[in-house]
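# Coordinate inspection notes
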Amino acid sequence: MKLKEIAIGYIEIPLVTPFKTALRTVNSVNDLIVKVTAEDGTEGYGEAPPTAVITGDTKESIEAAIRYYIAPSITGMGLDDLPSIMAKMEKCLAKNTTAKAAVDIALYDLYAKLQKKPLFRLLGEKDPSAVKTELETDITISVNDTDEMVRDSVKAVGEGFRILKVKVGKGGEKDVERIREIRKAVGKDVVIRVDANQGWTREEAVSTITAMEDAGLGIELVEQPVSYHDFKGMQYVTAHVQTPILADESVFSYEDGVRVMEEHGADLVNIKLMKTGGIHEAVKICDAADRFGIKCMIGCMLESKVSVSAGVHLAAARSCVTMADLDGPSLCKVDPYEGGPVYQGPKILLSEDYGIGITKVPVKFERI
Ligand SMILES: C[C@H](N)C(=O)N[C@@H](CCC(=O)O)C(=O)O
Ligand SMILES: [Mg+2]
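Residues numbered from 1 in each chain as written. Chains lettered and ligands numbered in written order. Predicted model: local features only at pLDDT ≥ 70, side-chain atom pairs only at ≥ 80, totals over all residues. Heavy atoms only, no water.

Our working definition: UniProt positions are given in the numbering used here, feature names are shortened, and annotations may be inferred rather than shown by experiment.
Looking at an unreviewed UniProt entry, one finds the protein chain named Dipeptide epimerase, with Blautia ammoniilytica as its source organism. Database annotation for the protein chain, UniProt heading Sequence similarities (unreviewed entry): "Belongs to the mandelate racemase/muconate lactonizing enzyme family."

See the structure below:
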């Protein structure tokens, strides 16, 4: 069965509240959607969020990468040999991981549908006993004034969330105050993970995290304390604090992941499909994590349910994945799609539907 055609379209979904990190503020999801179609008419879907401050990928660059490089390279290839398609896609242009991820996800969705299997069963075939059918996601608390963050945290806990991913990285001392007040308001049973999105220097990171430790704030982990290219800084922070450090922006590829694991650039790794260029590379990082005995998070950018569903399937399939930051759909005001994993507050339930499970995507597609 051959890949007959690739089509693209756009979706815009407003957010419940503005999403604010140390790197950016966004009010809506504005993503490109990819549809791939097999010769027999079976379709697969993928999604590309332009997260320029992290991946370097813009709406324009994603569309150009798919239209002028990826689609002409892989259309017409045999769908029974996914690794060959992925190798061709990898070779047709460097970087552009978001465009590659959207096409990779659509192809895995299509492939699993042709195999008549849910994607998580397919990805979990190496160790079916480790496969999960339910996950728990955290929810992001945007970085704002302390009072607003406390209100947002209390609201999230009231909605049933038990794990908060609190955005910081906007002034070390202020960050300690933010976490202190949130902890006071939500009590000791709520898990608090902190994401600095590269907002601290290495010295500031160590003093801020140490202050949180000394104050007994019970932080589960700190994500990406320093700049993505400051590998020595990541090693320094990891070695000088008790709290586990999670590498996010420092790990895009398999090679990045192995370097962090081998050279102790962090204790944990956040795998995101938009950084790896899709599932095929993410699986390799999971294999490395199994070898090194490192636990991973599957995270997402600010994305909606098409690509986040692919992250859900991967998280469910692999035992090294013990943390899910797959809250994109929870941050959106509406869910415009049909099908896919079911979100019930923090719970994500997988079904036996084929592929990633998304059945309806309300987008006007242009065949390219
Ligand atoms: C949405 C998710 N919880 C998240 O915080 N993801 C990123 C930031 C992504 C973005 O800016 O779109 C992260 O840093 O973990
Ligand atoms: Mg992060």
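### Section: the overall build of the protein chain
Inclusion rule: Secondary structure elements follow DSSP: runs of H or I no shorter than four residues count as helices, runs of E no shorter than two count as strands, and numbering proceeds from the N terminus. Computation of the radius of gyration draws on C-alpha atoms, with the globule rule given as 2.2 Å multiplied by the number of residues to the power 0.38. Classification of residues uses two cut-offs on accessible area relative to the type maximum, computed with a 1.4 Å probe and protein chains only: under 20% is buried, over 50% is exposed, and between them is partly exposed. All accessible areas in this document rest on Shrake-Rupley with a 1.4 Å probe, and a residue is counted as covered only by the protein chains that are shown. When charges are counted, Lys and Arg contribute as positive and Asp and Glu as negative, whereas His and the chain ends are disregarded. For this purpose, a charge sits on NZ of Lys, CZ of Arg, CG of Asp or CD of Glu.
Helices and strands together make up the secondary structure of the protein chain, namely 14 helices and 17 strands. Here the protein chain has a C-alpha radius of gyration of 20 Å; the compact-globule value for 368 residues is 21 Å, and the two agree. In terms of overall dimensions, the protein chain has C-alpha extents of about 60 × 40 × 40 Å along its principal axes. Split into buried and exposed, the 368 residues of the protein chain put 58% on the buried side. Total accessible area on the protein chain is roughly 14,500 Å²; 49% of this is exposed by carbon and sulfur atoms. Taking the average location of the 45 positive side-chain charges in the protein chain and that of its 56 negative ones, the two points are 2 Å from each other.

### Quick look at the coordination of the magnesium ion (ligand 2)
For clarity, the threshold we go by: Each metal's donors are the N, O and S atoms found within 2.8 Å of it, except that Na, K and Ca use a 3.2 Å limit; water is left out, so coordination can look incomplete.
The coordination sphere of the magnesium ion (ligand 2) contains the protein donors Asp195 (OD), Glu223 (OE) and Asp248 (OD), at a distance range of 2.1 to 2.3 Å. Summarised as a motif, the one-chain spacing of the donors to the magnesium ion (ligand 2) is D-x27-E-x24-D. Of this pair, Asp195 sits in strand S7 (residues 191–195) while Asp248 sits in the loop between strand S9 (245–247) and helix H10 (254–262), and the two are 53 residues apart along the sequence. Both residues of the pair, Asp195 and Asp248, belong to the buried class.

### Some words on the nonpolar core
What counts here: Nine residue types can take part in a nonpolar core, namely buried Ala, Val, Leu, Ile, Met, Phe, Trp, Tyr and Cys, and a core is a set of them joined through side-chain atoms within 4.5 Å. Each domain's extent was defined by an automatic or database domain assignment. Note on definitions: a residue-residue contact is assigned when non-hydrogen atoms from the two residues lie within 4.5 Å.
Val34, Ile66, Ile74, Leu107 and Leu326 are the most contacted members of the largest nonpolar core, which totals 125 residues. Of all the elements, helix H4 (residues 97–114) adds the most residues to this core, at 11 residues. Here this core gathers at least three residues from each of two domains, domain 1 (3–117 + 361–367) and domain 2 (122–360). Excluding residues that lie within four positions of it along the chain, Leu326 makes contacts with Leu135, Thr137, Asp138, Ile298, Gly299, Cys300, Val308, Gly311, Val312, Ala315, Tyr343 and Ile348. Leu221, Leu246, Leu268 and Met297 belong to the second largest nonpolar core, which has 5 residues in total.

### Comments concerning the site of ligand 1
Applied cut-off: It suffices for a single heavy atom of a residue to lie within 4 Å of a molecule or strand for the residue to be listed as near it. Definition of a polar contact: a pair of N or O atoms within 3.5 Å, with one able to donate and the other able to accept a hydrogen when the atoms are protein atoms, and with sequence-neighbouring residues admitted only if both atoms are side-chain atoms. Three classes are used, and their members are as follows: Ala, Val, Leu, Ile, Met, Phe, Trp, Tyr, Cys and Pro are nonpolar, Asp, Glu, Lys and Arg are charged, and the others, Gly among them, are polar.
In the vicinity of ligand 1 lie 17 residues, with Arg24, Thr140, Lys167, Asn197 and Cys300 positioned nearest. Between an oxygen atom of ligand 1 and a side-chain N or O atom of Arg24, the distance comes to 2.6 Å. Here the residues of the shell around ligand 1 are counted per class, giving 5 nonpolar, 3 polar and 9 charged.

### Let's talk about the sheet that holds strand S5 (residues 139–141)
Neighbouring strands of a sheet are bound in pairs by backbone hydrogen bonds; such pairs are parallel or else antiparallel. Put simply, the rule is: In this scheme, strands are said to pair when DSSP sees at least two bridges between them. All axes are obtained by fitting lines to C-alpha atoms, using only the stretch in contact for helices, and the reported angles, taken between N-to-C directions, cover 0 to 180 degrees.
The strand order across the open sheet formed by 8 strands is S5-S6-S7-S8-S9-S10-S11-S12, and the pairing between neighbours is parallel. Both edges of this open sheet fall to S5 and strand S12 (321–325), since each of them pairs with a single strand only. Shown here is a sheet whose adjacent strand axes are inclined to one another by a mean of 30°, direction ignored. Of the strand pairs in this sheet, S5 and strand S6 (residues 163–167) are connected by 3 bridges, and their pairing is parallel. Across the sheet, Ile139 pairs through a bridge with Leu164, a residue of S6.

### Looking at the packing of aromatic side chains
In this description, an aromatic ring pair is defined by two values, namely the gap between the centres and the angle between the planes. Note the cut-off: Ring pairs shown here join Phe, Tyr and Trp side chains whose ring centres sit within 6.5 Å, with only the six-membered ring taken for Trp; geometry is labelled stacked below 30 degrees between planes, edge-to-face above 60, and tilted in between. In our convention, an over-ring charge means Lys NZ or Arg CZ found within 6 Å of a ring centre and within 35 degrees of that ring's normal.
One pass over the full model with this rule turns up 1 aromatic pair. Geometry around Tyr10 places Lys59 over its ring, the cationic atom sitting 5.0 Å from the centre. We note Arg259 situated over the ring of Phe231; from NZ or CZ to the ring centre the distance is 3.7 Å.

### Some words on the environment of Val312
Residue position: Val312 is located in helix H13 (residues 305–317). Once the C-alpha coordinates of Val312 and Leu326 are considered, the two residues, 14 residues apart in sequence, prove to be 7.1 Å apart. Beyond its immediate stretch of four places on either side in the chain, Val312 contacts Leu135, Leu326, Pro341, Tyr343, Ile348 and Leu350.

### What about the sheet that holds strand S2 (residues 25–38)?
In spatial order, the strands read S3-S2-S1-S17; together these 4 strands make up an open sheet with antiparallel pairing. Either end of the sheet is taken by a strand with one partner, and the two such strands are strand S3 (43–48) and strand S17 (366–367). Note: S2 against S3, 6 bridges, orientation antiparallel. Following the sheet pairing, Thr37 is matched in S3 by Glu43.

### A short note on the packing of helix H3 (residues 82–92) against H4
This is how the line gets drawn: For classification purposes, angles smaller than 35 degrees are called roughly parallel, those larger than 145 roughly antiparallel, those between 65 and 115 roughly perpendicular, and all remaining angles oblique.
For the pair H3 and H4, the least separation of the axes is 11 Å and the interaxial angle reads 170°. The angle between the axes of H3 and H4 places the two elements in the roughly antiparallel class. Here H3 contributes Leu82, Ile85, Met86, Met89 and Glu90 to the contact with H4, which in turn contributes Lys100, Val103, Asp104, Leu107, Tyr108 and Tyr111. Tallied by class, the residues present in the contact of H3 with H4 amount to 8 nonpolar, no polar and 3 charged.

### Quick look at the pattern of salt bridges
Selection rule: Salt bridges are defined as contacts in which a side-chain nitrogen from Lys or Arg sits within 4 Å of a carboxyl oxygen from Asp or Glu.
As enumerated under the stated definition, the model contains 29 salt bridges in all. The salt bridge involving Lys113 is made with Asp109; its shortest N-O contact spans 3.3 Å. In this pair, Lys113 and Asp109 both sit in helix H4, 4 residues apart, roughly one turn of the helix. Residues Lys113 and Asp109 agree in their burial class; the two are buried. Notably, a salt bridge pairs Glu159 with Lys155, separated by 3.4 Å at the nearest N-O pair. One connected set of salt bridges, linked through shared partners, spans Lys165, Lys167, Asp195, Glu223 and Asp325.

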